[in-house]
Amino acid sequence: DTIATRLTQLLTQEKSGRATFIPLNRLAVENVRYPTEFGKDVMPLIKRLKFDPKFEPAIHQVFGRAVICRSVELAAEVSKAT
């Protein structure tokens with residue numbers, strides 16, 4: 001919280017725009033149900049990412065609902081199904 005406050009003050013002083021800060025300790029990782037009816041042709045993006053476990057809440061916040069599909073056509077089908 002302290003760092004976010006300092007960064008916000010700096011952005012204001014420098015007239016550098018706006019930013020939103022969410023402290024890691026306030027992020028809640030939600031349980032996402034990924035489509036299973038497509039087998040191995042669709043997988044959660046999060047399974048392919050490597051990251052420090054302390055950043056897991058932030059990674060889930062940003063990439064938690066993203067999936068990798070074998071083709072664009074399959075991606076369109078997955079999008080319609082979910």
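Residues numbered from 1 in each chain as written. Predicted model: local features only at pLDDT ≥ 70, side-chain atom pairs only at ≥ 80, totals over all residues. Heavy atoms only, no water.

A.B. asks: Please set out the overall build of the chain residue by residue, giving values where relevant.
C.D. replies: Across its full length, the chain holds three helices and two strands. Mapped from its N terminus to its C terminus, the chain presents α and β elements in the order α-β-α-β-α. For 82 residues, the compact-globule formula gives about 12 Å, and the C-alpha radius of gyration of the chain, at 18 Å, lies well above that figure. Long-range contacts, defined here as pairs at least 24 residues apart, represent 58% of the contacts in the chain between residues at least 6 apart. Here the chain has roughly 7,100 Å² of accessible surface; of this, 52% comes from carbon and sulfur atoms. With 13 positive and 9 negative side-chain charges, the chain shows a separation of 3 Å between the mean positions of the two kinds. (Helix = DSSP H or I, 4+ residues; strand = E, 2+ residues; numbered from the N terminus. Rg over C-alpha atoms; globule rule 2.2 N^0.38 Å. Contact = heavy atoms within 4.5 Å. Areas by Shrake-Rupley, 256 points an atom, 1.4 Å probe, with all protein chains shown as cover. Lys, Arg positive; Asp, Glu negative; His and termini not counted. Charge placed at Lys NZ, Arg CZ, Asp CG, Glu CD.)

A.B. asks: Before we move on, can you summarise the confidence of the model for the chain with the specific residues and values?
C.D. replies: Per-chain confidence: the chain averages 89 in pLDDT, with 99% of residues scoring 70 or above. Per-element confidence in the chain is highest for strand 2 (residues 67–69), whose mean pLDDT is 97, and lowest for helix 1 (residues 2–14), whose mean pLDDT is 85. (pLDDT = per-residue confidence, 0-100.)

A.B. asks: How would you sum up the environment of valine 29? Please name residues and give values.
C.D. replies: Mapped onto the elements of the fold, valine 29 is located in the loop between helix 1 and strand 1 (42–44). Judged by relative accessible area, which is 45%, valine 29 ranks as partly exposed. Residues valine 29 and glutamine 61 lie 32 residues apart in sequence; the distance between their C-alpha atoms is 7.0 Å. Ignoring any residue separated from it by four or fewer positions in sequence, one finds valine 29 in contact with Pro57 and His60. (Buried < 20%, exposed > 50% of the residue type's maximum accessible area, 1.4 Å probe, protein only.)

A.B. asks: Residue-level account of a nonpolar patch on the surface, with values.
C.D. replies: Together, Ile3, Leu7, Leu10 and Phe21 give the surface a local cluster of nonpolar side chains, amounting to about 350 Å² of exposed area. Summarising the element assignment, phenylalanine 21 is placed in the loop between helix 1 and strand 1. (Patch = residues over 30% accessible without salt bridge, like charges linked within 9 Å, V, L, I, M, F, W, Y side chains within 5 Å. Salt bridge = Lys/Arg side-chain N within 4 Å of Asp/Glu carboxyl O.)

A.B. asks: I'd like a description of the pattern of salt bridges, backed by residues and values.
C.D. replies: Scanning all chains against the criterion turns up two salt bridges. Salt-bridge contacts for arginine 65 lead to glutamate 30; the nearest nitrogen and oxygen are separated by 2.5 Å. Within this pair, whereas arginine 65 is found in the loop between helix 2 (56–63) and strand 2, its partner glutamate 30 is found in the loop between helix 1 and strand 1, the two being separated by 35 residues in sequence. Judged by relative accessible area, which is 48%, glutamate 30 ranks as partly exposed.

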